[in-house]
Amino acid sequence: MTPRELIGVAEVPGGPPLRLFRRGGDFMIVLDRNELMSTRMSGSEVALGTMTCDRLGDDPAPHLLIGGYGMGFTLRAVLGLLGPDARVTVAELVPGIIEWARGPMAAMTDGCLDDPRVTLAMGDVAEAIRDGVGRYDAIMLDVDNGPDGLTRPANDGIYSPKGLAEAKRALRPGGVLAIWSAGADAAFTRRLGQAGFAVDEVRVKARDNGKGPTHVIWFARRG
């Protein structure tokens, strides 16, 4: 087997560092011993984008918030579906993630960060949510492996009742909060309902060929 090659280390504010590995033509972002994302398993990240767009209706100029960039699968998916008047804000806390996107993974990034519809906001997505009252038609969150602060403890607040209330305020009427997770969480599903969202819990395969582990995406619509 081809050995993994460490390409870089990125510091996470308030959390342990991320490491970027390459094995042949594949890239992996790893936190401690957890593989957070990989170019081999992009299907559910793409689905986060496409399924959210499917729920937006026919608005020709929606405003979407994506947190965080990751490997850009969700961003590239929505850009492929949205029209020229759409706006996409990408909130990314870790500068090293963007350095990797523009550096060793530039060929895969394919210029998506330079798309005129995209605004890159370096910082905590929770702040973008708090500051964006009534601003977004959709908020897509893929900052942890589920609804808890895996990458850093401060992320717990995003999934708390207060955090969900802030997300609801940031959405326009009928807007969608979409949250990616490596697995199901019945308590979080109930919490979304208690926050006043209409919840659709969807299971998707990790790989774009329909194989691999099953991941979960919650689509929570504001009334």
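Visitor: Before we go on, may I ask you to explain the sheet that holds strand E4 (residues 34-38) in this structure?
Guide: Adjacent strands of a sheet form backbone hydrogen bonds with each other and so pair up, either parallel or antiparallel. With antiparallel pairing, the 4 strands of this open sheet are ordered in space as E1-E2-E3-E4. Sheet topology places strand E1 (5-12) and E4 at the edges, where each strand pairs with a single neighbour. The mean angle between the axes of side-by-side strands here comes to 25°, regardless of whether they run parallel or antiparallel. For E1 and strand E2 (residues 15-23), the ladder comprises 6 bridges, and the chain directions are antiparallel.

Visitor: Even after reading the chapter, I still don't get the state of the cysteines, so can you show me in this structure?
Guide: A covalent bond between the sulfur atoms of two cysteines is what we call a disulfide. Considering all chains together, one arrives at 0 disulfides under this definition. For Cys53, which is in no disulfide, the shortest distance to another cysteine sulfur is to Cys112 and amounts to 14 Å.

Visitor: I would appreciate a short explanation of the sheet that holds strand E7 (residues 118-122) in the present structure.
Guide: The 7 strands lie next to each other as E7-E6-E5-E8-E9-E11-E10, forming an open sheet whose pairing is mixed. Single-partner strands in this sheet number two, and they are E7 and strand E10 (198-205). Taken pair by pair, the neighbouring strands of this sheet meet at an average axis angle of 15°, ignoring direction. Here 5 bridges tie strand E5 (residues 63-67) to strand E6 (residues 87-92), and the two strands are oriented parallel to one another. Looking at E6, one finds that His63 is bridged to Arg87.

Visitor: Can you walk me through the nonpolar core in this structure?
Guide: One broad trend across soluble globular proteins is that nonpolar side chains are buried collectively. Residues Leu18, Tyr69, Leu75, Val78 and Val88 are the most contacted members of the largest nonpolar core, which totals 43 residues. With residues near it in sequence (within four places) discarded, Val78 still touches Gly49, Cys53, Leu64, Ile66, Val88 and Met140. Residues Ala128, Ile129, Leu141 and Leu177 belong to the second largest nonpolar core, which totals 24 residues.

Visitor: Looking at this structure, how should I read the layout of surface pockets?
Guide: Where empty space is left becomes clear once a probe the size of a water molecule has been rolled over the atoms. Computed from the structure, the largest pocket encloses a volume of approximately 190 Å³. Along the wall of the largest pocket there are 14 residues; nearest its centre are Ala126, Arg130, Gly157, Ile158 and Glu166. At the level of secondary structure, the elements contributing two or more residues to the lining of the largest pocket comprise helix H5 (125-130) and helix H6 (161-170). Of the residues forming the lining of the largest pocket, the biggest block, 4 residues, is contributed by H6.

Visitor: Looking at this structure, I do not really get the pairing of E6. What am I missing?
Guide: Most of E6 sits out of view: 5 of its 6 residues are buried. Regarding topology, helix H2 (residues 73-79) serves as the crossover connection from E5 to the parallel E6, and that connection is right-handed. Relative to E7, E6 runs parallel, the two being bridged by 5 bridges. Within the sheet, the bridge partner assigned to Val88 lies in E7 and is Val118.

Visitor: I'm lost on empty space enclosed by the protein in this one. Help?
Guide: Enumeration over the complete set of coordinates arrives at 1 cavity of 30 Å³ or more. Taken as a whole, the largest cavity encloses approximately 430 Å³ of empty space. As for the largest cavity, its lining consists of 30 residues, and the residues nearest its centre are Gly68, Gly70, Glu92, Asp142 and Val143. Of all the secondary structure elements, the ones that give two or more residues to the lining of the largest cavity are E4, H2 and E6. For the lining of the largest cavity, the leading source of residues is H2, giving 3 residues. The class makeup of the residues in the lining of the largest cavity is 16 nonpolar, 8 polar and 6 charged.

Visitor: Sorry, what's going on with the side chain of Glu92 here?
Guide: Inspection of the secondary structure assignment puts Glu92 in strand E6. Glu92 sits in the buried class, given a relative accessible area of 6%. A distance of 2.9 Å separates the side chain of Glu92 from the backbone nitrogen of Val94, its partner in a polar contact. The residues contacting Glu92, other than those within four sequence positions of it, are Gly68, Tyr69, Gly70, Ile97, Ile98, Leu120, Ala121, Met122 and Gly123.

Visitor: Explain the side chain of Arg117 here, please?
Guide: Here Arg117 shows up in the loop between helix H4 (106-109) and E7. Take Arg117: its relative accessible area is 16%, and that puts it in the buried class. Of the polar contacts made by the side chain of Arg117, one reaches the backbone oxygen of Leu82; its length is 2.7 Å. If we skip the residues at most four places from it in the chain, Arg117 touches Leu79, Leu82, Gly83, Pro84, Ala86, Arg87 and Val88.

The rules behind the values
- Residues numbered from 1 in each chain as written.
- Predicted model: local features only at pLDDT ≥ 70, side-chain atom pairs only at ≥ 80, totals over all residues.
- Heavy atoms only, no water.
- Pairing = 2+ DSSP bridges.
- Helix = DSSP H or I, 4+ residues; strand = E, 2+ residues; numbered from the N terminus.
- Axes fitted to C-alpha atoms, helices over the stretch in contact; angles between N-to-C directions.
- Disulfide = S-S within 2.5 Å.
- Core = buried A, V, L, I, M, F, W, Y, C linked by side-chain atoms within 4.5 Å.
- Buried < 20%, exposed > 50% of the residue type's maximum accessible area, 1.4 Å probe, protein only.
- Contact = heavy atoms within 4.5 Å.
- 1 Å grid on protein atoms, 1.4 Å probe; cavity = no way out; pocket = protein on both sides within 12 Å on 5 of 7 lines; lining within 4 Å.
- Points joined across faces, edges and corners; volume = space filled by probe spheres on them.
- Right-handed = clockwise from strand over helix to strand, strands pointing away.
- Nonpolar A, V, L, I, M, F, W, Y, C, P; charged D, E, K, R; others polar.
- Polar contact = N/O pair within 3.5 Å; in protein donor to acceptor, adjacent residues only side chain to side chain.

The quantities given are spatial measurements derived from coordinates; they are silent on function.
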